[in-house]
Amino acid sequence: LEEEGISYDQMAVVDLIMKHAPDWRRILNELQRHSMVGIVNSGSSDSTQSYDSLFTHLKAKDFKKMRSWVVNNIDTDASAIFRGIYDRMYDKLKPQSIPQLVLILADYQYKNAFVADHELNVVACMTEIMANVDFA
């Protein structure tokens, strides 16, 4: 990071390493992704804004932008994506849609263990969410 002139918070880098160790390729990829703005800090790994944009695409039923979000975030484990949606659903959905979303996420998380193409599985999950969930 210093050689490339990227500012960084040492604790943010430590957290990133601890999260992905011993997968050094993944650590380097994550550092590269987080440093695209010229700094690596605890805010650069915060994905709340990223999930907000995903929910915006899902609510608008914008398949192209949703698929683009998945492509840009596919380096995140699919189960972590499903968990990220689950953790944020109360603010984004109508209460009557929450049980349906839980069933969809559980189904695709189970399927994720058996699929050959994880991106396709995540896109299929998001498509089902678009079709069957009412957003707030």
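Residues numbered from 1 in each chain as written. Predicted model: local features only at pLDDT ≥ 70, side-chain atom pairs only at ≥ 80, totals over all residues. Heavy atoms only, no water.

Asks: Can you walk me through the packing of helix H6 (residues 98–112) against helix H7 (residues 118–132) in this structure?
Replies: Think of two packed helices as two axes; the pair is described by the angle between the axes and how far apart they sit. At a minimum axis distance of 10 Å, the contact between H6 and H7 shows a crossing angle of 165°. Comparing their axes, H7 and H6 come out roughly antiparallel. As H6 runs across H7, the sense of the crossing is right-handed. Residues Gln-100, Leu-101, Ile-104, Leu-105, Tyr-108, Lys-111 and Asn-112 of H6 lie in contact with H7, whose contacting residues are His-118, Asn-121, Ala-124, Cys-125, Glu-128, Ile-129 and Asn-132. Counted by class, the contact of H6 with H7 contains seven nonpolar, five polar and two charged residues. (Axes fitted to C-alpha atoms, helices over the stretch in contact; angles between N-to-C directions. Helix = DSSP H or I, 4+ residues; strand = E, 2+ residues; numbered from the N terminus. Parallel < 35°, antiparallel > 145°, perpendicular 65-115°, else oblique. Left-handed = near helix turned anticlockwise from the far one by under 90°. Contact = heavy atoms within 4.5 Å. Nonpolar A, V, L, I, M, F, W, Y, C, P; charged D, E, K, R; others polar.)

Asks: What am I meant to see in the pattern of salt bridges here?
Replies: Side chains bearing opposite charge may pair, as long as their charged atoms lie close to each other. By the definition in use, this model includes four salt bridges. The partner of Lys-92 in a salt bridge is Asp-52, and the shortest N-O contact between them spans 3.0 Å. Here Lys-92 is found in helix H5 (residues 78–92), whereas its partner Asp-52 is found in helix H3 (residues 48–59), with 40 residues between them in sequence. On the basis of relative accessible area, Lys-92 is assigned to the partly exposed category, the value being 25%. Of the charged contacts, one joins Glu-119 and Arg-67 as a salt bridge, the two residues approaching to 3.8 Å between their closest N and O atoms. Of the two residues, Glu-119 is situated in helix H7 and Arg-67 in helix H4 (residues 63–73); the sequence distance between them amounts to 52 residues. For Glu-119, a relative accessible area of 23% puts it in the partly exposed group. (Salt bridge = Lys/Arg side-chain N within 4 Å of Asp/Glu carboxyl O. Buried < 20%, exposed > 50% of the residue type's maximum accessible area, 1.4 Å probe, protein only.)

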